[in-house]
Amino acid sequence: MLKKIIGYLSGNSLSQIILLLSIPFLVNLYDVESFGYFGVFSAYLAILSQVNGLKFENAIIANKKTRRIYYFISCFFISTFVSVVAFFLLIFFFDWLYALLLVLASYFAYMINIFQLYLVRIEKATQAGNLSILRSVLLILFQFYFSSFNLFDINGLILGYFFSVFLLSFPIVIWCVLLVTKVKVMLLGKVIVNNIEFVRYILPQTLINNVSVQLPMFFIESIWGINAAGIYAMALKIVQVPSRFMVTVLRNLFISEFSKISSNKTLCYKKAKKYSLYLSFSSLLIFGLLALFIPLLVDLFLGNEWSNVVLISRCMLIWYAISFINIPTFSLVMVYRKLKFMLNFEVISFLVRLMLFSVFYFIAVEFYFGILILSIATGLLNVYFIVAVLKNR
């Protein structure tokens, strides 16, 4: 377990360091408004990327190693079908080029993500980490290359993201096409049917979760304008630094470890409590230090144009510090498939956020105050999630 964590975590950590180091250079090429448009695009992209495979990718890490290639190929088939359907739906709401970029970018990003999950599952976590490094390098190179491109709501940040995931996922897609000829269709169908509960519960939960998480970006643009969306997008980059380094990595590894000892429920819950305690202390230290250094980071790397990022980032730290602690409990939910509980929780979270922003929409409040209220409410919801999971086996 420790070896896998180090291998995967080091690759993801280096990839995030590369992205962070690029920010001071990118802010010299793109203004606040450009980051606002990219933030809105990324919000749509996050929703599409998660829904792309109907959450069947959870079957890759939650099941035994036998027939693991069938889970991977199932994800490929499902995501391809969903992407085609999504494009024809989105062209009714967006310009065809914007819709095409959204759908293809989400598809290519999804293929990279499930390939990384597959590598972790077959004990090749280091290679998965290396893939993250390459992805970050390509993203930066393309965002620099397209810095002069600007077509209203499509800019170089968006095009840079698209071409980075396209180039990296292309050999993965080709490999999938070649693998299709080696799998048994009947067995593939059986794998999908036997894991349909991931689609039944995780898909609605994921859709609600992602819409709920991305809801602030849409409302911020609508209530406070595209510049506020740019400030929020940059604040996200700062407060998500610890999460980007560790959350996905730890979550996948915890799920993998818990699935191996899932027959011993007492041991699983004991380990989850221990990991949650460790992460509580880690979260206090990590996010506490981040709160202290945010003003220095903004002053050194972003400049006066981004000064509002300091206050917004600090308001959001409550949200992300507590969310960091619930990684082990989320992993338990996945392993023991408490999917109905997860769905109910996400519905409550979505309704709370929707209610808050509806109030902000009709009652004028300061930007920072609205984000602070959102952060506190989300933090309290995560506390409830942790307690509810650990107390109810």
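Please refer to the structure higher up on the page.
Residues numbered from 1 in each chain as written. Predicted model: local features only at pLDDT ≥ 70, side-chain atom pairs only at ≥ 80, totals over all residues. Heavy atoms only, no water.

## Regarding the packing of aromatic side chains
- Counted according to the given criterion, the structure contains 32 aromatic pairs.
- Counting every residue linked through ring pairs, the aromatic cluster contains Y107, F108, F142, Y145, F146, F162, F163, F166 and F170. (Phe/Tyr/Trp six-rings, centres within 6.5 Å; stacked < 30°, edge-to-face > 60°.)

## Describing the environment of Y145
- Structurally, Y145 is set in helix 6 (residues 125-145).
- A relative accessible area of 63% means that Y145 is categorised as exposed.
- Each C-alpha atom of the pair Y145 and L159 lies 9.5 Å from the other, and the pair is 14 residues apart in sequence. (Helix = DSSP H or I, 4+ residues; strand = E, 2+ residues; numbered from the N terminus. Buried < 20%, exposed > 50% of the residue type's maximum accessible area, 1.4 Å probe, protein only.)

## A look at the state of the cysteines
- What the rule picks out here adds up to zero disulfides.
- Counting only cysteine sulfurs, C176 is the nearest neighbor of C75, a cysteine outside any disulfide, at a range of 9.3 Å.
- Judged by its relative accessible area of 0%, C75 falls in the buried class. (Disulfide = S-S within 2.5 Å.)

## Overview of helix 10 (residues 226-239)
- Spanning 14 residues, helix 10 covers 20 Å between terminal C-alpha atoms, matching the ideal 20 Å at 1.5 Å per step.
- Buried residues of helix 10: I226, A228, A229, G230, I231, Y232, A233, M234, A235, L236, I238 and V239, and no others. (Expected span 1.5 Å × (residues − 1).)

## Description of helix 14 (residues 327-335)
- Extensive coverage of helix 14 is indicated by the burial of nine of its nine residues.
- Burial in helix 14 covers these residues: I327, P328, T329, F330, S331, L332, V333, M334 and V335.

## Side note on a nonpolar patch on the surface
- Side chains of L285, L289, L292, F293, L296, L297, L300 and F301 sit close together on the surface and give an oily, nonpolar patch of about 790 Å² of accessible area.
- Looking at the element boundaries, L300 is found in helix 12 (residues 265-301).
- Residue L300 is classed as exposed on the basis of its relative accessible area, which comes to 56%. (Patch = residues over 30% accessible without salt bridge, like charges linked within 9 Å, V, L, I, M, F, W, Y side chains within 5 Å. Areas by Shrake-Rupley, 256 points an atom, 1.4 Å probe, with all protein chains shown as cover. Salt bridge = Lys/Arg side-chain N within 4 Å of Asp/Glu carboxyl O.)

## Brief notes about the side chain of S349
- When you line up the elements, S349 lands in helix 15 (residues 339-362).
- Here S349 is in contact with S212 and L381, once residues within four sequence places are set aside. (Contact = heavy atoms within 4.5 Å.)

## A look at the packing of helix 6 against helix 7 (residues 156-180)
- Two elements in contact, helix 6 and helix 7, have axes separated by 8 Å at closest approach and are oriented at 140°. The pairing of helix 6 with helix 7 is recorded here as oblique in orientation. Two packed elements cross with a definite hand, and for helix 6 against helix 7 that hand is right-handed. Between helix 6 and helix 7, the residues in contact are L131, L134, R135, L138, L139, F142 and Q143 and G156, L157, G160, Y161, F163, S164, V165, L167 and L168, respectively.
- Among the residues making up the contact of helix 6 with helix 7, the classes are represented as eleven nonpolar, four polar and one charged. (Axes fitted to C-alpha atoms, helices over the stretch in contact; angles between N-to-C directions. Parallel < 35°, antiparallel > 145°, perpendicular 65-115°, else oblique. Left-handed = near helix turned anticlockwise from the far one by under 90°. Nonpolar A, V, L, I, M, F, W, Y, C, P; charged D, E, K, R; others polar.)

## Quick notes on the nonpolar core
- Core analysis: the largest hydrophobic core is formed by 126 residues, its most contacted members being M111, Y232, W306 and M316.
- By residue number, the principal contributor to this core is helix 5 (residues 96-121), which donates 17 residues.
- With sequence-adjacent residues up to four places away left out, M111 is seen in contact with F76, S79, S169, I172, V173 and C176. (Core = buried A, V, L, I, M, F, W, Y, C linked by side-chain atoms within 4.5 Å.)

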